[in-house]
Amino acid sequence: MKSVGINGYGTIGKRVADAVSAQGDMKIAGVTKRSPDFEARMAVEKGYDLYISAPERESSFEEAGIKVTGTAEELFEKLDIVVDCTPEGIGAKNKEGIYKKMGLKATFQGGEKHDQIGLSFNSFSNYKDVIGKDYARVVSCNTTGLCRTLNPIKDLCGIKKVRAVMVRRGADPSQVKKGPINAIVPNPPTVPSHHGPDVQTVMYDLNITTMALLVPTTLMHQHNLMVELESSVSVDDIKEKLNETPRVLLLKAKEGLGSTAEFMEYAKELGRSRNDLFEIGVWEESLNIVDGELYYMQAIHQESDVVPENVDAIRAMLEMEYDPSKSIEKTNKAMGIL
Ligand code: NAD
């Protein structure tokens, strides 16, 4: 049983903690918090040992009546690997300033720069390249969404070129200080956006160009893809391939799943904790092939799609499983992923 710690128990960190706890071959040794907020209190109530990443604030946890087990450094000493889920830019500093010095393996999130971590990860793209490595970054929620559907299409019929337009949520549901509230923002306003090069950190030879917009919604991202195929296939072949791909769901707008809001409602009906949708939803009606070019639209739950990838990254880096499909199967079974 491998010991895993979470540094930064926020949106991604708390989900990865629960996903790791659900697995049979790894356990959570502890999570870190900086502030004695409701998430810290609930982490302790759930049974996680809580460690402080800002030791000078220990008295504020005492005053709030939240039990602290020790400092983050004390947690790190007990671990086989840490999952760094701190806000973007902090992970890279932790790598150099803490983990390297302690000889501790670490996975990072998509907010970190690929060059600073040195290796990126997606379960379906490059699992084997990360086996036994000390540091890897799970690519961002948008990049994970692109890889999840582009990999099976590439396997089926090869890809000459991808163009994608991403409509991104302005903020996560709890982020009251972010926007936009009433605007569509080209983000970045330059073309191409960074998402294409980010996909290439795990799908090394893919020809992909991306553009992105921010819109006033918090629920999900939405992607519009145009994919020039290498060999001739039918729309039914693509449907069949996506249907059999783990962590991808075909949605039918005609069944009432015509929007991101309705897709989130589906997650509630599934009874998922936090209404999470680890799967990428592809609108079945959007799939079409015109002049050898495949068109489709998909939805990405930004708060949760990277969570199973973090579990697989742990298995690869700790050499717990050499076969990506076996790790994906174990992770999915433990998390109830469709
Ligand atoms: P978050 O703000 O929800 O959580 C970050 C947590 O880290 C908070 O609990 C914060 O208190 C804590 N923290 C801050 N500074 C710290 C420090 N120095 N040491 C330890 N803990 C510290 O952020 P998030 O949305 O979970 O994002 C974390 C990472 O995941 C980022 O790289 C982000 O880009 C990436 N990511 C986020 C999303 C998303 O939609 N939220 C999706 C995919 C990837």
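What you see as residue numbers is a count from 1 along each chain, following the sequence as written. The model is predicted, so local features are restricted to residues of pLDDT at least 70 and side-chain atom pairs to those at 80 or more, both for listing and for counting; the totals for chains, interfaces and linings are taken over all residues. The basis for every side-chain value is the complete set of non-hydrogen atoms in the structure, without hydrogens or water.

## So, the pattern of salt bridges
Right, on to step 1. We count a salt bridge whenever a side-chain nitrogen from Lys or Arg sits within 4 Å of a carboxyl oxygen from Asp or Glu. By the definition in use, this model includes 25 salt bridges.
Right, on to step 2. Note that arginine 15 is salt-bridged to aspartate 276, the shortest N-O span being 2.9 Å. Placement of arginine 15 in helix H1 (residues 11-22) and of aspartate 276 in the loop between helix H10 (260-269) and strand S14 (280-283) is noted, with a sequence separation of 261 residues between them.
Right, on to step 3. Overall, the relative accessible area of 6% leaves arginine 15 in the buried class.
Right, on to step 4. Looking at aspartate 276, the relative accessible area reads 2%, which means it is buried.
Right, on to step 5. The salt bridge involving arginine 148 is made with glutamate 309; its shortest N-O contact spans 2.7 Å. Of this pair, arginine 148 sits in helix H7 (residues 141-157) while glutamate 309 sits in helix H11 (residues 307-317), placing them 161 residues apart in sequence.
Right, on to step 6. Looking at arginine 148, the relative accessible area reads 0%, which means it is buried.
Right, on to step 7. Here the residues in one salt-bridge network are Asp25, Arg148, Arg247, Glu309, Asp312 and Arg315, joined through shared partners. Here a helix means four or more residues in a row that DSSP labels H or I, a strand means two or more in a row labelled E, and each is numbered from the N terminus. Here the term buried applies to any residue with accessible area under 20% of the maximum for its type, exposed to any over 50%, and partly exposed to those in between, with areas from a 1.4 Å probe on protein chains only.

## Focus: the domain arrangement of the protein
Right, on to step 1. Domain boundaries shown here were taken from an automatic or database domain assignment. Split into domains, the protein comes out as domain 1 (2-139 + 306-335) and domain 2 (141-300).
Right, on to step 2. Taken together, the contacts link 25 residues of domain 1 with 17 residues of domain 2.
Right, on to step 3. Simply put, the buried area is the total loss of 1.4 Å probe accessible area from both parts when two parts are fitted together. Surface buried jointly by domain 1 and domain 2 totals about 1,800 Å² across both partners, of which 50% is contributed by carbon and sulfur atoms.
Right, on to step 4. Of all residues in domain 1, Arg15, Phe124 and Val139 bury the most surface against domain 2, accounting for 32% of the area lost on that side.
Right, on to step 5. Taken together, the links from domain 1 to domain 2 amount to six salt bridges.
Right, on to step 6. Residue arginine 247 is joined to glutamate 309 by a salt bridge in which the shortest nitrogen-to-oxygen separation is 3.2 Å.
Right, on to step 7. Counted as a polar contact is a pair of N or O atoms within 3.5 Å, where, for protein atoms, one must be capable of donating a hydrogen and the other of accepting one, and residues adjacent in sequence contribute only when both atoms are in side chains. For the interface between domain 1 and domain 2, the tally reads 11 residue pairs in polar contact (both at pLDDT 80 or more).
Right, on to step 8. Sorting the residues of the side of domain 1 that touches domain 2 by element identifies H1, strand S7 (120-121), H11 and helix H12 (324-335) as the ones contributing at least two each. In this analysis, two residues are considered to be in contact whenever any of their non-hydrogen atoms come within 4.5 Å of each other.

## Quick look at unusual backbone geometry
Right, on to step 1. A cis geometry characterises the amide bond from asparagine 187 onward to proline 188, with omega recorded as 5 degrees.
Right, on to step 2. Note that proline 188 resides in the loop between strand S10 (185-186) and helix H8 (195-199).
Right, on to step 3. Cis rather than trans, the peptide bond between valine 191 and proline 192 has omega equal to 0 degrees.
Right, on to step 4. Mapping proline 192 onto the fold places it in the loop between S10 and H8.

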